[in-house]
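Next come the chains, spelled out residue by residue.
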Amino acid sequence: MHRDAPTRDIDETQVTVTPPKDSAAGVTAVTVALERAVEEMGLIRTARTLARVNQRHGFDCPGCAWPEPTGHRRPAEFCENGAKAVAEEATLRTVTPEFFADHSIEELATRSGYWLGQQGRLTHPMVLRPGATHYSPIGWDEAYRLIADTLRGLASPDEAVFYTSGRTANETAFLYQLLVRSFGTNNLPDCSNMCHESSGTALTSSIGIGKGSVSIDDFARADLIIVAGQNPGTNHPRMLSALGTAKDNGAKVIAVNPLPETGLMGFRDPQTIKGLTTGITIADDFLQIRLGGDMALFQGLARLLFEAEDRAPGTVVDRAFVDAHTAGFAEYEKHMRAVDLGVVEQATGLTREQLARTARLLAESRATIVCWAMGLTQQRHGVATIEEITNLLLLRGMIGKPGAGVCPVRGHSNVQGDRTMGIWEKMPETFLAALDSEFGINSPRRHGYDTVAAIRALRDGRAKVFFGMGGNFVSATPDTEVTEAALRGCELTVQVSTKLNRSHVVHGRTALILPTLGRTDLDVQDGVKQQVSVEDSMSMVHLSTGRLTPVSDQLRSEVAIVCELARELFGPDHPVPWERFRRDYDAIRDAIARVVPGCADYNRKVRERNGFQLPHPPRDAREFRTSTGKANFAVNELTWLPVPPGRLILQTLRSHDQYNTTIYGLDDRYRGIHNGRKVVLVHPEDIAAFGFAEGELVDLVSEWTDGSERRVHGFRLVPYSTPRGNAAAYYPETNPLVPLDHVAERSNTPVSKAVTIRLERTSA
Ligand SMILES: Nc1nc2c(c(=O)[nH]1)N[C@H]1C(S)=C(S)[C@@H](COP(=O)(O)OP(=O)(O)OC[C@H]3O[C@@H](n4cnc5c(=O)[nH]c(N)nc54)[C@H](O)[C@@H]3O)O[C@H]1N2
Ligand SMILES: Nc1nc2c(c(=O)[nH]1)N[C@H]1C(S)=C(S)[C@@H](COP(=O)(O)OP(=O)(O)OC[C@H]3O[C@@H](n4cnc5c(=O)[nH]c(N)nc54)[C@H](O)[C@@H]3O)O[C@H]1N2
Ligand SMILES: [Mo]
């Protein structure tokens with residue numbers, strides 16, 4: 001029933017463009033989801049698999065981190081893109097040793113990420129020996145020996161880098177950081193460094209914890225929800241249902257985005273008959289903001305709120321909350337009253353009337369939630385921008401109250417859990433001390449490398465071994481040419497993966513591919529079925545159980561891989577009971593319960609009906625564990641992004657048919673792009689002003705402060721609704737344009753949403 005992998009690669013000359021769609025989801029979404037699933041898995045496996053996504057005894061969707069409802073769950077608790085994520089993993093196509101014998105590395109390096117991923121699931125551990133042209137099979141034990149020998153041969157444990165992508169479950173993450181710290185380094189970069197690090201940094205400084213303060217049920221109680229820098233129709237489709245419920249209950253929704261994203265403008269809920277036929281407009285107001293204008297927006301709104309307070313004293317500022325729970329209000333107020341609204345208009349591209357309308361809604365709302373994602377975090381001043389959001393909410397007393405709060409919407413399905421479990425290059429002393437006393441090890445205290453620091457270290461020869469627990473490091477990171485050279489300079493690269501990707505073909509002197517089970521796969525250890533646990537974007541922790549028969553008996557679970565490698569690396573006398581952990585994941589959870597804050601009684605609590613919610617002092621008790629013991633108002637100098645003459649500011653974003661570097665297909669249906677990905681969306685007047693015509697091919701040339709230039713070739717110009725001076729194109733094709741040193745202040749996150757470029761006609 002299922003179809004074979006495509007043999008042809010992307011043909012960018014086949015791109016077609018149609019007008020963007022005015023509503024998301026609906027019947028087409030259901031059809032596309034099922035077609036894709038049946039193509040990859042066949043009918044029976046599709047039926048069996050999709051029925052278990054996000055159900056209480058099923059598995060957690062490997063798509064996004066949006067939470068499941070706490071009450072009634074519908075029979076189909078997934079979305080089109082969740083179904084694609086599942087189909088991508090549960091596919092019956094395989095990449096076998098014969099495949100690697102047929103395709104040299106040289107050939108695979110010419111293939112697109114789309115083609116590589118579509119070939120299917122990896123089935124056997126493979127090695128690329130120094131100088132070899134092809135990967136060849138290797139036994140698991142020999143692979144572990146090779147890694148252990150190389151690690152032991154390093155001059156210092158800090159010469160190794162251990163990356164994690166956010167699919168990794170809590171049990172693996174906990175053991176993986178334990179292995180890395182037992183080995184002697186904190187070099188634990190993760191995808192979060194490129195994702196919500198700015199949110200974590202800002203929230204920790206403002207409210208004392210780097211996680212969102214709302215629960216899924218708060219959506220039904222909100223008066224006002226602002227969605228800034230996020231495209232939920234594509235990246236968190238189930239969030240549209242929550243926004244729909246909020247609207248049914250009378251809430252207003254404001255979208256803040258340079259692009260009129262389809263899901264926010266219109267939504268047909270495929271889960272209800274009513275939704276399929278009628279549909280609703282999600283956003284009551286759309287603020288089409290300039291790239292990087294959000295800090296100005298939130299500062300401008302603060303000024304308008306103070307003016308509203310002057311007109312009706314005691315009605316806008318929540319004095320009781322501010323006095324009891326916050327620090328730094330006076331300086332903040334002084335600073336905000338001086339904000340120049342003319343500059344705000346210029347920075348945001350919004351009118352005084354739009355600002356006033358938004359301020360009025362904020363002043364009237366008794367319960368406000370602000371949601372955000374990559375449009376805010378991947379900006380140079382992303383941390384300060386998120387602090388301004390928090391300031392506004394604090395001023396109105398909107399934290400630790402039903403229907404209100406901060407809501408960073410996470411990406412990878414367990415990226416938040418990985419951090420809770422210790423995947424961070426600078427875990428606090430309390431965590432390291434608890435780890436040491438539980439296991440009798442000596443965790444290093446020197447901070448490790450985050451993602452950008454790891455690339456610099458690999459580039460400069462200070463690190464020589466790269467180990468990837470999932471993900472696709474070379475394609476997800478900025479400055480592709482630099483990063484690829486850095487990886488090629490390694491002595492050893494190891495990738496624990498489910499599918500083939502570019503990080504397998506851009507490799508060190510020796511390279512290993514270790515194939516692993518995914519979320520959907522049945523995990524049996526010594527005859528006993530195992531389960532793992534995950535944490536969603538709203539701190540809910542629950543079990544996930546895969547049930548599909550793995551495509552190969554050579555696959556090992558991530559937990560098994562970590563434990564077996566640790567046994568080889570540390571020998572049988574190590575104080576950590578690696579072998580017991582491999583056999584019985586309950587034993588890992590018991591250790592988690594003793595080490596990780598908020599996880600007491602973990603084994604019992606993850607088995608409760610909806611799992612359990614981790615503690616969050618601001619949400620639960622208006623308690624703020626910051627430097628001042630109160631919620632901190634932050635004072636930031638207004639920063640925004642003027643467009644240099646003759647240039648554009650480019651944001652790099654996701655199409656509807658991809659999951660980060662995994663390309664499911666070649667359509668960005670809602671934006672009207674079909675059969676290709678090398679397009680650049682530009683305002684029609686900018687296209688004309690630069691002397692180009694719609695559909696022409698251009699090179700995108702990025703310009704960096706040190707005078708260096710980076711270029712990608714042959715992108716088709718598509719006229720699109722975006723502010724003048726702003727442009728958009730897909731990630732990862734545009735990652736070569738993002739300079740490694742172009743990072744957000746304080747969070748070190750690559751600035752993927754603000755790259756200064758010029759356009760040049762592509763020469764034939
Ligand atoms: N199907 C699917 N689901 C996914 C993913 C996927 O690739 N595919 N990825 C997952 C991951 S890891 C993540 S982090 C999330 C990402 O979820 P999103 O953050 O929604 O992802 P992006 O495609 O990067 O979209 C960024 C959005 O911010 C807007 N934006 C860009 N710059 C600015 C700005 O300066 N200001 C404002 N206000 N808006 C701006 C863009 O127009 C766009 O709508 O999704 C997760 N879910
Ligand atoms: N220019 C630009 N760059 C960006 C971004 C952007 O918006 N613009 N977004 C950034 C963001 S938000 C993120 S989160 C990163 C994403 O960075 P990563 O997390 O590194 O990238 P993914 O594409 O999600 O990784 C996909 C690979 O993970 C492997 N995989 C999938 N499931 C499993 C599993 O269960 N176990 C294991 N071991 N492996 C598995 C597969 O082999 C697959 O090829 O990219 C960042 N890079
Ligand atoms: Mo992400």
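What counts, and at which threshold
- Residues numbered from 1 in each chain as written.
- Chains lettered and ligands numbered in written order.
- Predicted model: local features only at pLDDT ≥ 70, side-chain atom pairs only at ≥ 80, totals over all residues.
- Heavy atoms only, no water.
- UniProt positions renumbered as here; feature names shortened; annotations may be inferred.
- Helix = DSSP H or I, 4+ residues; strand = E, 2+ residues; numbered from the N terminus.
- Buried < 20%, exposed > 50% of the residue type's maximum accessible area, 1.4 Å probe, protein only.
- Contact = heavy atoms within 4.5 Å.
- Lys, Arg positive; Asp, Glu negative; His and termini not counted.
- Charge placed at Lys NZ, Arg CZ, Asp CG, Glu CD.
- Salt bridge = Lys/Arg side-chain N within 4 Å of Asp/Glu carboxyl O.
- Near = heavy atom within 4 Å.
- Polar contact = N/O pair within 3.5 Å; in protein donor to acceptor, adjacent residues only side chain to side chain.
- Areas by Shrake-Rupley, 256 points an atom, 1.4 Å probe, with all protein chains shown as cover.
- Nonpolar A, V, L, I, M, F, W, Y, C, P; charged D, E, K, R; others polar.
- Pairing = 2+ DSSP bridges.
- Axes fitted to C-alpha atoms, helices over the stretch in contact; angles between N-to-C directions.
- Parallel < 35°, antiparallel > 145°, perpendicular 65-115°, else oblique.
- Left-handed = near helix turned anticlockwise from the far one by under 90°.
- Disulfide = S-S within 2.5 Å.
- Phe/Tyr/Trp six-rings, centres within 6.5 Å; stacked < 30°, edge-to-face > 60°.

The protein goes by FdhF/YdeP family oxidoreductase in an unreviewed UniProt entry, where it is assigned to Nocardia pulmonis. Database annotation for the protein, UniProt heading Sequence similarities (unreviewed entry): "Belongs to the prokaryotic molybdopterin-containing oxidoreductase family."

Draft legend 1. Layout of the overall build of the protein. In terms of helices and strands, the protein carries 32 helices and 32 strands. With the principal axes as the frame, the protein shows a C-alpha extent of 75 × 65 × 55 Å. The 764 residues of the protein split such that 64% are buried. Of the contacts made within the protein by residues no fewer than 6 positions apart, 78% connect residues no fewer than 24 positions apart. A distance of 3 Å separates the average location of the 84 positive side-chain charges in the protein from that of its 93 negative side-chain charges.

Draft legend 2. Up close: the pattern of salt bridges. Summed over all chains, the structure comprises 62 salt bridges. Close ionic contact of Arg594 with Glu438 constitutes a salt bridge, the shortest N to O distance being 2.9 Å. Remark: Glu438 occurs in helix 22 (residues 429–439) and Arg594 occurs in helix 29 (residues 585–595); sequence separation between them is 156 residues. Look at Arg594 and you get exposed, because its relative accessible area is 53%. A salt bridge links Arg604 to Glu608; the nearest nitrogen and oxygen atoms lie 2.7 Å apart. Judged by its relative accessible area of 46%, Arg604 falls in the partly exposed class. Salt bridges here are not isolated pairs; linked through shared partners, they connect Arg647, Asp699, Glu703, Glu709, Arg711, Arg758 and Glu760.

Draft legend 3. Highlighting the site of ligand 2. Inspection of the region around ligand 2 gives 31 residues, with Tyr163, Ala476, Glu558, Thr661 and Tyr731 positioned closest. The backbone of Ala476 places a nitrogen or oxygen atom 2.6 Å from a nitrogen atom of ligand 2. The contact in question runs from an oxygen atom of ligand 2 to an N or O atom on the side chain of Arg654, over 3.1 Å. Protein chains bury 96% of the 940 Å² of accessible surface belonging to ligand 2 in isolation. Split into classes, the residues belonging to the shell around ligand 2 amount to nine nonpolar, 17 polar and five charged.

Draft legend 4. Looking closely at the site of ligand 1. The environment of ligand 1 is formed by 32 residues, the closest being Asn257, Glu261, Asp294, Gln658 and Asn660. Here an oxygen atom of ligand 1 and a backbone polar atom of Gly292 are 2.8 Å apart. At 2.7 Å, a backbone N or O of Asn660 approaches an oxygen atom of ligand 1. Coverage of ligand 1 by the protein chains reaches 99% of its 910 Å² of free accessible surface. Elements represented by at least two residues in the shell around ligand 1 include exactly helix 10 (232–235), helix 19 (374–377), strand 24 (648–653) and strand 25 (658–659).

Draft legend 5. Examining the sheet that holds strand 28 (residues 679–682) more closely. Strand order in this closed barrel of six strands is 24-31-28-30-29-32, and the pairing throughout is mixed. Going across the sheet, the axis of each strand differs from the next one's by a mean of 45°, ignoring polarity. In terms of strand pairing, strand 28 meets strand 30 (residues 709–719) through four bridges, oriented parallel. Counterpart to Val679 in the pairing with strand 30 is Arg716.

Draft legend 6. Examining the UniProt feature "domain: Molybdopterin dinucleotide-binding" (unreviewed entry) in the protein more closely. If you check UniProt for "domain: Molybdopterin dinucleotide-binding" (unreviewed entry), the listed places come out as residues 648–705 in our numbering. The span residues 648–705 carries 10% helix and 40% strand; its end-to-end C-alpha distance comes to 15 Å.

Draft legend 7. Up close: the packing of helix 23 (residues 451–459) against helix 25 (residues 480–488). Where helix 23 contacts helix 25, the two axes come as close as 8 Å, and the packing angle between them is 55°. The angle between helix 23 and helix 25 places the two elements in the oblique class. The two elements helix 23 and helix 25 cross, and the hand of that crossing is left-handed. For the pair helix 23 and helix 25, contact is made by Ile455, Leu458 and Arg459 and by Val482, Thr483, Ala486 and Leu487, respectively. Each residue belonging to the contact of helix 23 with helix 25 can be placed in one class, and the counts come to five nonpolar, one polar and one charged.

Draft legend 8. Here's a closer look at the state of the cysteines. Summed over all chains, the structure comprises zero disulfides. The cysteine Cys191 is free of any disulfide, with Cys195 supplying the nearest cysteine sulfur at 6.0 Å. There is no disulfide at Cys599, and the cysteine sulfur nearest it, in Cys563, is 18 Å away.

Draft legend 9. Representation of the side chain of Thr377. Mapped onto the secondary structure, Thr377 falls in helix 19. In this structure Thr377 comes out as buried when scored by relative accessible area, which is 0%. Not counting the four nearest positions on each side in its chain, Thr377 is found in contact with Cys195, His196, Ser198, Ser199, Trp372, Gly382, Ile386, Ala744 and Thr749.

Draft legend 10. Summary view of the pairing of strand 20 (residues 532–535). Residues Val532 and Val534 of strand 20 are buried on one face, and the alternating residues Ser533 and Glu535, pointing to the opposite face, are buried as well. Two elements, strand 20 and strand 21 (residues 540–544), share four bridges in a ladder whose sense is antiparallel. Along strand 21, the bridge assignment pairs Val534 with His542. Turn length for the strand 20-strand 21 hairpin, with the two strands adjacent in sequence and antiparallel, is four residues, and the turn residue Ser539 shows positive phi of about 65°.

Draft legend 11. Representation of the packing of aromatic side chains in the model. Here the structure, examined in full by the defined rule, presents 21 aromatic pairs. Relative to Tyr144, the ring of Trp140 lies with its centre 5.8 Å away and its plane at 35°, an arrangement referred to as tilted. With Trp140 and Tyr144 both in helix 7 (residues 140–152) and four residues apart, this pair spans about one turn of that helix. Judged on exposure class, the residue Trp140 and its partner Tyr144 are both buried. Both rings, one in Phe466 and one in Phe473, keep their centres 4.6 Å apart while their planes meet at 45°; by these two values the pair is tilted. Residue Phe466 is classed as buried on the basis of its relative accessible area of 0%.

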